[in-house]
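Structural description and commentary
Residue strings, one per chain:
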Amino acid sequence: MCNLYSFMTLFITSNQGTIGSLQRMIQNIAIANGTAIGSTLINLTAPNLPPGIQVTWYLALFVVAIIVIAGISINYLHPEKA
């Protein structure tokens, strides 16, 4: 997997501040979208909030599991890039 340090070394030193800002902006957009999607899923079951919260937690668990499995698979298939 590509970590932040190896990502930042792809660019010349004078552009690293700009690239770091862009990376942080994309990360903040992802956090905001995740919050919006999660709250929307919970609000879809407004009269019965506990099932909506439970479904949202299961969805988050599923997404995290997929990311972990993908990361392990990539590191197993391409250990030289880890």
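The rules behind each value
- Residues numbered from 1 in each chain as written.
- Predicted model: local features only at pLDDT ≥ 70, side-chain atom pairs only at ≥ 80, totals over all residues.
- Heavy atoms only, no water.
- Helix = DSSP H or I, 4+ residues; strand = E, 2+ residues; numbered from the N terminus.
- Buried < 20%, exposed > 50% of the residue type's maximum accessible area, 1.4 Å probe, protein only.
- Areas by Shrake-Rupley, 256 points an atom, 1.4 Å probe, with all protein chains shown as cover.
- Axes fitted to C-alpha atoms, helices over the stretch in contact; angles between N-to-C directions.
- Left-handed = near helix turned anticlockwise from the far one by under 90°.
- Contact = heavy atoms within 4.5 Å.
- Nonpolar A, V, L, I, M, F, W, Y, C, P; charged D, E, K, R; others polar.
- Polar contact = N/O pair within 3.5 Å; in protein donor to acceptor, adjacent residues only side chain to side chain.
- Expected span 1.5 Å × (residues − 1).
- Patch = residues over 30% accessible without salt bridge, like charges linked within 9 Å, V, L, I, M, F, W, Y side chains within 5 Å.
- Salt bridge = Lys/Arg side-chain N within 4 Å of Asp/Glu carboxyl O.

What follows is about the overall build of the chain. Helix and strand counts for the chain stand at three helices and zero strands. Scanning the chain from its N terminus toward the C terminus, one meets helices and strands in the order α-α-α. Classification of the 82 residues of the chain by burial places 7% in the buried group. Accessible area of the chain: about 6700 Å², with a carbon and sulfur share of 73%.

Turning to the packing of helix 2 (residues 16–43) against helix 3 (residues 49–77), a few remarks are in order. Running from N to C, helix 2 and helix 3 cross one another at 145 degrees; their axes reach a closest spacing of 8 Å. Both helix 2 and helix 3 take part in a crossing whose hand is right-handed. Here Gly38, Leu41 and Ile42 of helix 2 come into contact with helix 3, specifically with Leu49, Gly52, Ile53, Thr56 and Leu59. Considering only residue class, the contact of helix 2 with helix 3 consists of five nonpolar, three polar and no charged.

Structurally, Thr56 can be placed in helix 3. Given a relative accessible area of 15%, Thr56 falls into the buried group. A distance of 2.8 Å separates the side chain of Thr56 from the backbone oxygen of Gly52, its partner in a polar contact. Apart from the residues lying within four places of it in its own chain, the contact partners of Thr56 are Gly38, Leu41 and Ile42.

We now examine helix 3. With 29 residues, helix 3 should cover 42 Å at 1.5 Å per step; its first-to-last C-alpha distance of 42 Å lies within 8% of that length. Here helix 3 has its buried residues at Gly52, Thr56 and Gly71. Elements that come into contact with the buried residues of helix 3 comprise helix 2.

Another aspect to go through is a nonpolar patch on the surface. Taken together, the side chains of Leu59, Phe62, Val63, Ile66 and Ile67 make up a nonpolar region of the molecular surface, amounting to roughly 460 Å² of accessible area. With respect to the helices and strands, the residue Phe62 is situated in helix 3.

Positionally, Leu59 belongs in helix 3. Owing to a relative accessible area of 38%, Leu59 belongs among the partly exposed residues under this scheme. Separated by 18 residues in the primary sequence, Leu59 and Leu41 have C-alpha atoms spaced 9.9 Å apart.

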